[in-house]
Protein chains: 2
Amino acid sequence: MARPRASADDVKLRERLLLAAEELLRTTPFEELSLREVARRAGVSHAAPYNHFPSKDHLILALAQRAAHLLDQAMHEAMAAAPDNPADQLVASGVGYVLFARRHPALFDIIFHHEPPEGCGPLEEMDPAFQRLLRAVTNLGARPPTDAQGILSDAVFAWVHVHGLAVMFIHGTLNRVPFDEVALAREHCRRLLQVLAPQLAT
Amino acid sequence: MARPRASADDVKLRERLLLAAEELLRTTPFEELSLREVARRAGVSHAAPYNHFPSKDHLILALAQRAAHLLDQAMHEAMAAAPDNPADQLVASGVGYVLFARRHPALFDIIFHHEPPEGCGPLEEMDPAFQRLLRAVTNLGARPPTDAQGILSDAVFAWVHVHGLAVMFIHGTLNRVPFDEVALAREHCRRLLQVLAPQLAT
DNA sequence: CCTCCCATGTTGACACTGTCAATTTATGGT
DNA sequence: ACCATAAATTGACAGTGTCAACATGGGAGG
């Protein structure tokens, strides 16, 4: 029989470790994340995490899944705050994506920069966000809904661009470009819209 | 007076270390680059590098500069191998960029993922490649050559997209998309061309 | 030609990391 | 009350970046 205490405490420390790690990532770049420091912050000894995660990479994987969910949520909120028409919705999703990356660089990094420990297909955790993008692209109506291939192409095109924007912001590559970040993000997303659905462009 | 032997040997080991590091990066991801392993491969003891680089980050910085030069060269060669018209030249530069990233992931990573040790403005080493892109965009003739602002915007737009493509390839984010990589790169670059210079699109 | 100097390289140490084996602890089921 | 067992601790090992102390050998000055 399953011991309620065991599983209860299990979840408790596991959760505490994840929270400590997220807290740490708020001030520490992802590359410098230390398992021992996480344990320290969770108030346990350096090997305690190994009762809940087989390795550091597994802890990171769990963090990546959570971070991907937060990213999806950020996109959702950005879209909810925007006018309810296909054009503004798509732009909002893109801007939400890059602003999340800007605000939580370590969390964003961890989503894409983690080495999947074993098997576990690449980036399944990004699916919700990508599905959201796919819907936004479909709603543009630039292609017949039956043209799944074309819609996929468009969505990938948008994703790639917005992702490039995000990582270049994070790593400061665009610092010498004399544009404000959010303005640049908006401009690029509007331009993307113009590519994907010229008839909706402003 | 400057001692010829000193500077000669200086260059010799410094160069050997850089070569060993590049050799190592051909089979090892950038995050796992170890200063001690580099020293080992160069045939010196673990602290010898500190006579030529104040820290590991400085060695990495030097590597980043070299890698940026290689990237610029790769773009140059890709353009030289393409038909000599503005449209094909721009596409070739983009495809060259992402194929370099694909072929030398660690070298590409190190260009953008390195923490500048101190001061040393962000990504000056990317300047030659970016200037190359700027020229290619200018040659499209989509904007009057006097419109420096607009041309810069266009170049940044292209750079951001191609960069996104590169990092997503490297980190396997696009693995589940059912497209061949080089085909996808070509398609995206042609589409970029269509954005920047509609009159030249095929 | 001899001597001294100093840049280069070596050795050993320190603090830190991820990981594992052995051990202690404590709690739920019998 | 006792035992089995999951969970946590302790201690170790190999590896890392970095620094201080030491060794060495070849050019410069006499």
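Residues numbered from 1 in each chain as written. Chains lettered and ligands numbered in written order. Predicted model: local features only at pLDDT ≥ 70, side-chain atom pairs only at ≥ 80, totals over all residues.

> I'd like a rundown of the overall build of chain A, residues and numbers included.
A count of helical and extended segments in chain A gives eight helices and zero strands. Starting at the N terminus, the α and β elements of chain A follow one another as α-α-α-α-α-α-α-α. Along the first, second and third principal axes, the C-alpha atoms of chain A reach 60 × 45 × 30 Å. Of the contacts formed within chain A by residues at least 6 apart in sequence, a portion of 66% connects residues at least 24 apart. (Helix = DSSP H or I, 4+ residues; strand = E, 2+ residues; numbered from the N terminus. Contact = placed C-beta atoms within 7 Å.)

> An account of the relation of the copies chain A and chain B is requested, with residue identities and associated values reported.
Rotating chain A by 180° about the axis while translating it 0.0 Å along that axis superimposes it on chain B, leaving an RMSD of 0.1 Å. Overall, the copies show the geometry of a two-fold rotation axis. Among all residues of chain A, the one whose C-alpha sits closest to the rotation axis is G164 of chain A, at a distance of 1.8 Å. When you check the interface residues of chain A against chain B, 100% turn up at the interface there too, and the contact is symmetric in its surfaces. (Least-squares fit on C-alpha atoms with pLDDT ≥ 70 in both.)

> Could you give me a rundown of the interface of chain A and chain B, with the residues and numbers involved?
Taken together, the contact between chain A and chain B spans 23 residues of the former and 23 residues of the latter. Taken together, the elements giving at least two residues each to the side of chain A that touches chain B come down to α5 (105–113), α7 (148–170) and α8 (181–196) of chain A. Ranked by residues supplied to the side of chain A that touches chain B, first place goes to α7 of chain A with nine residues. Considering only residue class, the side of chain A that touches chain B consists of 11 nonpolar, nine polar and three charged. (Nonpolar A, V, L, I, M, F, W, Y, C, P; charged D, E, K, R; others polar.)

> Outline helix α8 (residues 181–196) of chain B, supporting the account with residue identities and numerical values.
Since there are 3.6 residues in each turn of an α-helix, residues three or four apart along the chain are aligned in direction. The end-to-end C-alpha distance of α8 of chain B is 22 Å, a good match for the 22 Å that 16 residues give at a rise of 1.5 Å each. For α8 of chain B, every residue scored as buried is listed here: L184, A185, H188, C189, L192, L193 and L196 of chain B. Packing partners of the buried residues in α8 of chain B comprise α7 of chain A together with α4 (86–103), α6 (127–140) and α7 (148–170) of chain B. (Expected span 1.5 Å × (residues − 1). Buried ≥ 20, exposed ≤ 12 C-beta atoms within 10 Å, placed from the backbone.)

> Give a description of the environment of Q73 of chain B that names residues and reports values.
Residues and elements named next belong to chain B. Topologically, Q73 is positioned in helix α3 (residues 56–80). Here Q73 falls in the partly exposed class, since 14 other C-beta atoms lie within 10 Å of it. Through-space distance from the C-alpha of Q73 to that of Y97 is 9.8 Å; in sequence the pair is 24 residues apart.

> Now, about the environment of A155 of chain A: what can you tell me, with residues and values included?
Residue and element names in this part refer to chain A. Structurally, the position occupied by A155 is in helix α7. C-beta crowding within 10 Å serves as the criterion here: with 22 such atoms nearby, A155 is assigned to the buried category. Between the alpha carbons of A155 and P144 there is a distance of 14 Å; along the sequence they are 11 residues apart. Leaving out residues up to four positions away in the same chain, A155 has contacts with L133, L134 and V137.

> Lay out the environment of V38 of chain A in plain terms, naming residues and giving numbers.
All names here are of chain A. Within the secondary structure, V38 sits in helix α2 (residues 35–42). Counting along the chain gives 28 residues from V38 to R66, while the straight-line C-alpha distance between them is 16 Å. Those residues in contact with V38 that sit more than four places away from it in its chain are L17, A20, A21, L24 and P49.

> Which residues make up the packing of helix α6 (residues 127–140) of chain A against α7 of chain A, and what values do they have?
All names here are of chain A. As a packed pair, α6 and α7 sit with axes 9 Å apart at the nearest point and diverge in direction by 120°. Handedness of the α6/α7 crossing: right-handed. Contacts between α6 and α7 involve F130, L133, L134, V137 and T138 from the former and I151, D154, A155, A158 and W159 from the latter. For the contact of α6 with α7, the per-class residue count stands at eight nonpolar, one polar and one charged. (Axes fitted to C-alpha atoms, helices over the stretch in contact; angles between N-to-C directions. Left-handed = near helix turned anticlockwise from the far one by under 90°.)

> Before we move on, can you summarise the packing of α4 of chain B against α7 of chain B with the specific residues and values?
Angle between the axes and distance between the axes are the two parameters that describe a pair of packed helices. Residues and elements named next belong to chain B. Where α4 meets α7, the axes come as close as 9 Å, and the angle between the chain directions of the two elements is 25°. Here α4 lies roughly parallel to α7, going by the angle between them. Of the two elements, α4 crosses α7, and the hand of that crossing is right-handed. Facing α4, whose interface residues are G94, Y97, V98, A101 and R102, α7 presents A158, V162, L165, A166, F169 and I170. Within the contact of α4 with α7, the residues separate by chemical class into nine nonpolar, one polar and one charged. (Parallel < 35°, antiparallel > 145°, perpendicular 65-115°, else oblique.)

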